[in-house]
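Architecture and fold: a report
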Amino acid sequence: MRLLFLDHAGVLGGAELSLLDIARHHRNTSEVVLFSDGPFRTTLEQAGVTVTVLPVPERLLEVNRADGWRSLAALPAIPQVLRALAPFVRQADLVHCNSQKAFALGALAASVSRRPVVWHLRDILTADHFSAANRRVAVTLANTFATKVIANSQATAQAFIDAGGRRDLPVVVYNGIDPDAFEDLTPATARQAAGLDLEGFVVGAFSRLAPWKGQHVLLESLAQLPGTHALIVGDALFGETAYEARLHAMTRSLDLERRVHFLGFRRDVPTLMAACDAIVHTSVAPEPFGRMIVEAQLARRPIIATRAGGAVELIEDGETGWLVPPGDAGKLASCLSHMLTAPAERRAISQKARDAASRLFTRNAMLDAFRDVVEATRRAPT
Ligand code: UDP
Ligand code: GLC
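Now for a look at the structure at hand. All figures in this text were calculated on a predicted structure; none of them were measured in a lab. (Residues numbered from 1 in each chain as written. Chains lettered and ligands numbered in written order. Predicted model: local features only at pLDDT ≥ 70, side-chain atom pairs only at ≥ 80, totals over all residues. Heavy atoms only, no water.)

1. Let's talk about the overall build of the chain
The criterion, for reference: Secondary structure counts use DSSP, requiring at least four H or I residues in a row for a helix and at least two E residues in a row for a strand, with both numbered from the N terminus. Throughout, radius of gyration means the C-alpha value; the globule benchmark is 2.2 Å times the number of residues raised to the power 0.38. Three labels apply to residues, based on accessible area from a 1.4 Å probe with only protein chains included: buried if under 20% of the type maximum, exposed if over 50%, partly exposed otherwise in between. Residue contacts are counted whenever heavy atoms from the two residues lie within 4.5 Å of one another. Accessible surface area values rest on a Shrake-Rupley calculation with a 1.4 Å probe, where residue burial reflects the displayed protein chains alone. As used throughout, the charge tally considers Lys and Arg to be positive and Asp and Glu to be negative, leaving His and the chain termini uncounted. A charged residue contributes its charge at one atom only: NZ of Lys, CZ of Arg, CG of Asp or CD of Glu.
What the chain contains, in helices and strands, is 16 helices and 13 strands. Relative to the globule expectation of 21 Å for 382 residues, the C-alpha radius of gyration of the chain, 21 Å, shows essentially globular dimensions. By principal-axis analysis of the C-alpha atoms, the chain measures approximately 60 × 40 × 35 Å. Residue burial in the chain is summarised as follows: out of 382 residues, 57% are buried. When contacts within the chain are restricted to residue pairs at least 6 apart in sequence, long-range pairs at least 24 apart make up 68% of them. Carbon and sulfur atoms make up 50% of the accessible area of the chain, which amounts to about 15,800 Å² in all. Within the chain, one finds 41 positive and 40 negative side-chain charges whose respective centroids are separated by 5 Å.

In structure tokens form, the structure reads like this:
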């Protein structure tokens, strides 16, 4: 089966890194069309994937998930995109849409050319993340055009149904990560390899900078943990530069400049994770899946995550990590200070987590589950 993968983004977010693994695996029978250029294109090309960047009018890309019905103003730009997409869609047996914007355009293009379309839903469709208008449009398009909705967690699937999505559409395919990418390094060796000259307890945050990812909660809790350092790894990928500036201002006003290290977007996440003593996930809105949680487990580092969304499906509290309430800097600080004093517990939990993650959330498991969905569309009526 020939697959056409569509994604609106040119940056390397979690959705794109996940598609990278899928597209690389199917590279001989697929191609990728992106609506923006950037490092995602070059990374796909290096992986031997055929990629085309099809620039779409700015006003379509600028439609924001928080926008209301005024985003309908972008509608007149759609026909020209459908015309440009048509030759790609006609060559495909299945159109896979990796983002909401890609799905809106891909669903219409697939319908015109009578091709089955799958929406890979990697977002939680609730008011925390999307306007009511945005949810309504997305769910209506899915109910009308999608053959299947691949949800990256049960939480994502449930939110789709709660938003009015058809119950028969979602199928859960968990993200998977290659366990072999994570070497068993001591923090000291990893710090040396990453060129980090740091002493003492180091906590890492590995997410793009965005208000809902909640790095500000880590800064607040760090103010309660004298001597602890934090690595903030990630960049404002989707224009959240005001939040980035807020994090820097907070670091100054809390007098944390010597203990907080902003490393920007990095390609050596496994080594940087190994350089930490603990890793935190601080999202203040439900996380659809949270690849960095599984990566922390594979890196054999204890993970504290917020109890919401897909994160709850990845961690057994007190067994393979810890869960704390979203937005609660006090609880995060007390969990971290408990960890500081309990190295044996940290080690035991990290080992259990590594075992669980390398059983449940591997790249191969994801590729198998993905293939099953693709095969099922061969049989499904369109
Ligand atoms: N990541 C990265 N470099 C960075 C920060 C993050 O490669 O500097 C990766 C991280 O390892 C993870 C992905 O970006 O694989 C983020 O995915 P996640 O599901 O945690 O969150 P998303 O950004 O997709 O909401
Ligand atoms: C999205 C979600 C994230 C998920 C990733 C991969 O970017 O925000 O939680 O892990 O997609 O599916």
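2. Observations regarding the packing of helix α9 (residues 215-222) against helix α10 (residues 241-253)
Rule in force here: Think of each axis as a best-fit line through the C-alpha atoms, taken over the contacting stretch in the case of a helix, with angles from 0 to 180 degrees between the N-to-C directions. Here roughly perpendicular refers to angles of 65 to 115 degrees, roughly parallel to angles under 35, roughly antiparallel to angles over 145, and oblique to all remaining angles. Residues are grouped as follows: Ala, Val, Leu, Ile, Met, Phe, Trp, Tyr, Cys and Pro are nonpolar; Asp, Glu, Lys and Arg are charged; every other residue, Gly included, is polar.
Where α9 contacts α10, the axes come no closer than 10 Å and their chain directions differ by 0°. Here α10 runs roughly parallel to α9, going by the angle between their axes. Between α9, through Gln215, His216, Leu219 and Glu220, and α10, the contact on the second element is made entirely by Tyr243, Arg246, Leu247, Met250 and Thr251. Class assignment of the residues belonging to the contact of α9 with α10 gives a composition of four nonpolar, three polar and two charged.

3. Some words on the site of ligand 2
This is how the line gets drawn: For this description, a residue counts as near a given molecule or strand if any of its non-hydrogen atoms is within 4 Å of it. Definition of a polar contact: a pair of N or O atoms within 3.5 Å, with one able to donate and the other able to accept a hydrogen when the atoms are protein atoms, and with sequence-neighbouring residues admitted only if both atoms are side-chain atoms.
By nearness alone, every residue bordering ligand 2 is listed as Gly14, Ala15, Arg122, Asn152, Asn175, Trp212, Glu287, Pro288, Phe289, Gly290 and Arg291. With respect to ligand 2, the side chain of Asn175 contributes an N or O atom lying 2.8 Å from an oxygen atom. In the model, an oxygen atom of ligand 2 is placed 2.5 Å from a nitrogen or oxygen of the Glu287 side chain. Burial of ligand 2 by the surrounding chains reaches 93%, relative to a free accessible area of 310 Å². Tallied by class, the residues present in the shell around ligand 2 amount to four nonpolar, four polar and three charged.

4. Quick look at the pairing of strand β5 (residues 117-121)
Test applied: Two strands qualify as a pair provided DSSP detects at least 2 bridges between them.
Counting buried positions along β5 gives five out of five residues, so the element sits mostly inside the fold. Every second residue of β5 is oriented toward a common face, with Val117, Trp119 and Leu121 on one face and Val118 and His120 on the other, all of them buried. Alignment of strand β4 (residues 94-97) against β5, held across three bridges, turns out to be parallel. What sits directly across from Cys97, in β5, is Trp119. In this sheet, strand β6 (residues 146-151) lies alongside β5 in parallel orientation, the contact comprising five bridges. Opposite Leu121, over in β6, you have Ala151 as the bridge partner.

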